[in-house]
Amino acid sequence: MANDSKTWRCGKYELSFDRPRIMGVLNVTPDSFSDGGEHFDPDAAIEYGLAMLDAGADIIDVGGESTRPGFTPVNPDEEARRVLPVVRALAKEGAIVSIDTRHVAVAKAAVRCGASIVNDVTGFTDPKMVEFVKTSTCGVIVMHAGEVAAPTRTHATVQLDTSAAAFVAEKAREAAAEAAREAEKPARRRRGKLLGEPKPEAKLPGGVVQPSLPFGEPEPTSEPSSEQETPAAEQAAAAETVAPAPEATEAASESNDRLAAMMRRSARREEAYVPTSQLRRFTLPDSAPIMRRVMGFLSDQARTLIHAGVSRDRICIDPGPGFGKSANEDIVIQRETAKMASLGYPLMCAVSRKRFVGAVSGVTEAAARDAATFGVCLGAIQAGANIVRVHDVAGFAQFLNGYWAVAKPQPRRAFVAVGSNLGHRCDNIRAARDMIAEIPLTCVSNCSRIYESEPAYETRQDAFANAVIEIKTELAPLVLLDELMKIEAELGRDRSKKAKVNGPRTIDLDLLWMDGETHGGKKLRLPHPLIGERDFVLVPLEDLMHDPARFFRYNGVEVKEPEDRVGHIVGELGRM
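Keep in mind that what you see is a predicted model, and the values were worked out from it rather than measured. Numbers given to residues run from 1 along each chain, matching the order in which its sequence is written. Two thresholds apply to this predicted model, a pLDDT of at least 70 for residue-level local features and 80 or more for giving and counting side-chain atom pairs, whereas whole-chain, interface and lining totals are computed over all residues. Hydrogens are left out, water is left out, and the side-chain values use all remaining heavy atoms of the structure.

Visitor: Got a minute to help me understand the environment of Val130 in this structure?
Guide: Within the secondary structure, Val130 sits in helix α4 (residues 127-134). Here Val130 falls in the buried class, since its relative accessible area comes to 1%. Measuring from C-alpha to C-alpha, the distance between Val130 and Gln301 comes to 9.9 Å, with 171 residues separating the pair along the chain. Counting from the N terminus, the helices are the DSSP runs of H or I reaching at least four residues and the strands are the DSSP runs of E reaching at least two. In this scheme, a residue with accessible area under 20% of its type's maximum is buried, one over 50% is exposed, and one in between is partly exposed, where area comes from a 1.4 Å probe on protein chains only.

Visitor: When you look at the pattern of salt bridges in this model, what are you seeing that I'm missing?
Guide: Two side chains that carry opposite charge are able to pair once their charged atoms sit near each other. We count a salt bridge whenever a side-chain nitrogen from Lys or Arg sits within 4 Å of a carboxyl oxygen from Asp or Glu. In total, this model carries 37 salt bridges according to the counting rule given. When the shortest N-O distance is used, the salt bridge between Asp58 and Arg21 registers 3.4 Å. In this pair, Asp58 is assigned in the loop between α1 (42-55) and β4 (59-63) and Arg21 in strand β3 (residues 21-27), connecting sequence segments 37 residues apart. In terms of burial, Asp58 and Arg21 fall into one category: buried. Here Arg449 makes a salt bridge to Asp543, at a shortest N to O gap of 2.9 Å. Pair noted here: Arg449 is in the loop between β16 (442-447) and β17 (450-453) and Asp543 is in the loop between α17 (535-541) and α18 (548-554), with a separation of 94 residues, a long-range link. If you follow the salt bridges from partner to partner, you end up with Asp18, Arg19, Arg21, Asp58, Arg412 and Glu517 in one network.

Visitor: I tried to follow the packing of aromatic side chains on my own but got confused; where do I start?
Guide: Both the distance between ring centres and the angle between the ring planes are used here to describe each pair of aromatic rings. Working definition: a ring pair exists when centres of Phe, Tyr or Trp rings (six-membered ring for Trp) sit within 6.5 Å. Plane angles under 30 degrees give stacked, over 60 give edge-to-face, the rest tilted. Tallied over the entire structure, the rule returns 7 aromatic pairs. The interplanar angle of 35 degrees and the centroid separation of 5.8 Å between the aromatic rings of Phe415 and Trp513 together place this pair among those described as tilted. Here Trp513 lies in strand β19 (residues 508-514) and Phe415 lies in strand β15 (residues 412-420), a separation of 98 residues in the sequence. For the pair Phe415 and Trp513, one class covers both residues: buried. Their ring planes at 75 degrees and their centres at 5.1 Å tell us that Trp513 and Phe551 sit as a pair that is edge-to-face. With a gap of 38 residues between them, Trp513 in strand β19 and Phe551 in helix α18 connect regions that are remote in the sequence. Members of the aromatic cluster, connected to one another through ring pairs, are Phe415, Trp513, Phe551 and Phe552.

Visitor: For this particular structure, what's the right way to read unusual backbone geometry?
Guide: A negative phi angle is the norm for most residues apart from glycine, just as the trans form is the norm for most peptide bonds. Omega for the peptide link from Leu526 to Pro527 comes to -10 degrees, which places this bond in the cis form. Inspection of the secondary structure puts Pro527 in the loop between β19 and α17. A positive phi angle, close to 60 degrees, is found at Phe124, a residue other than glycine. Relative to the elements of secondary structure, Phe124 occurs in the loop between β6 (117-120) and α4. Non-glycine residue Arg353 carries a positive phi angle of around 65 degrees. Structurally, Arg353 can be placed in the loop between β13 (348-349) and α12 (355-361). Arg353 gets classed as buried once you look at its relative accessible area, which sits at 10%.

Visitor: Any chance you could explain the sheet that holds strand β5 (residues 96-100) here in plain terms?
Guide: Strand pairing in a sheet relies on backbone hydrogen bonds. The paired strands run either parallel or antiparallel. In this description, strands pair whenever DSSP reports at least two bridges between them. With respect to topology, 8 strands assemble into an open sheet ordered β12-β7-β6-β5-β4-β3-β14-β13, the strand pairing being parallel. Edge positions in the open sheet fall to β12 (315-318) and β13, since each of these has one partner strand only. In this sheet, β5 lies alongside β4 in parallel orientation, the contact comprising 5 bridges. Opposite Ile60, over in β5, you have Val97 as the bridge partner. In the packing of helix α9 (residues 287-308) onto the sheet, the strands contacted are β7 (139-143) and β12, and the crossing angle to β7 comes to about 150 degrees. Two residues qualify as a contact provided that any one of their heavy atoms is within 4.5 Å of a heavy atom in the partner residue. Axis geometry follows a simple rule: fit a line to the C-alpha atoms, using only the stretch in contact for helices, then measure angles between N-to-C directions, giving values from 0 to 180 degrees.

Visitor: Explain helix α13 (residues 370-383) to me, please; I cannot follow it from the model alone.
Guide: Structural remark: α-helix, 3.6 residues per turn; residues separated by three or four positions point the same way. Multiplying one less than the number of residues by 1.5 Å gives the expected span of a helix. An ideal rise of 1.5 Å per residue puts 20 Å on 14 residues; α13 measures up with 20 Å between its terminal C-alpha atoms. A positive phi of about 125 degrees marks Gly384, the residue just after α13.

If you want it as structure tokens, here you go:
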């Protein structure tokens, strides 16, 4: 189950998995398979990313290149132009941003702009990408993209001849062939290397071997291989020709793009499939060879990253549904989620709106597959998936909150700051405490004393009464925040546009911190971004915990010295 002890370090953030984490898909592309063009404008993409955070996303995965079947590769400059403004804006709002790219230049630029995760669709098979991530602190997602079916081999019919004459003739042929091979050896050498020898695998520092891309054999082309020698006459003719135009070079690079070639083959395989009369004993292919290839690749790449210097707790794995895999193969892989989770790395379920989801649900339109996606994701969560990558964040958050509340008892500690400077201040705080205790799946476990403090930010107003309430809750942070806002409204808090943000108020409730939760966005920031500068919060917290300044510094919050804080405590008003 997702309720386990794994943690994932992503730059300055640390994600725990006491509940599944939601990754929202943000495609800044004109041609993605289900939402292409919807968020191609940077401003629209930023607005949508913030909306996903407010709907319950823990991570926003920003991508600038569609990798759907039959996609057209995008050069790194264009990809960077699409994604960097979006990454920068979302990171500024406290979001955990993942950059979905296979280009090391784009990954470097995105991390400089605030991205905390690199999601490499090619599984860090590029040594340059490995070199980059080992020098950073970002989280990494290793994805398997490639065919998992064993290559088809054709066997010629063999007619056995058991006569003695045939045996003698066969021995003579073998001897002649061996002699011919011995004679050819000197001629086959070129520059100290035998023709036909396998190309050596790339090596990383420390002698670690970098495996080749898991995309199967590239499509055959009419161009000569780079391993073959070009005749001298052809080399001379080539030297006299004019260099190709940039457009032609780009087109040639696209035609040689191994990921694009693999996805084209995958698309053609799906389109060309027709039922045959050949009988099968089982509804799905054998899982053993499929999982050997998928889990073998993921394990090998994770070890390659660790040997290169990437700490284990920064690595997440993703089996790559839909990338070179048939619907049957994708179902086999999803059914083996528990085996992949047993590898010990955080495991991602990235099935949202994929073709196999449409195949099992009978839904043709990709954008209409969200309900079926939720069903597949639930199965993965029950088997041990930790992160769910979805397009419909609001729908899945609602789905997950409902399931988790019933299936997984999980009370967590949180702190709520309470303040008032209108009416009977202490009575307002006590009324808020009693109403918080009535929130579903929530109880009040402790309360600080009530203190009087100077007004902060807007100083021309009456002094405040302040306290902090410690609670235990099983609600998701955004659901709990909505309940706190209802209490504010019931007690007369004016949050209209005409009211001053930090002006006088009957009651003010701030969710300060929640165990295991980090969140960004306009609606909610966790930990509260101003907690470290508020004396009227830190002093009441001393009633509830030992050394709150140290506690929050450990959790990545900058805590100011008492003399540098705002809203200083000036007296005590009694117990709550």
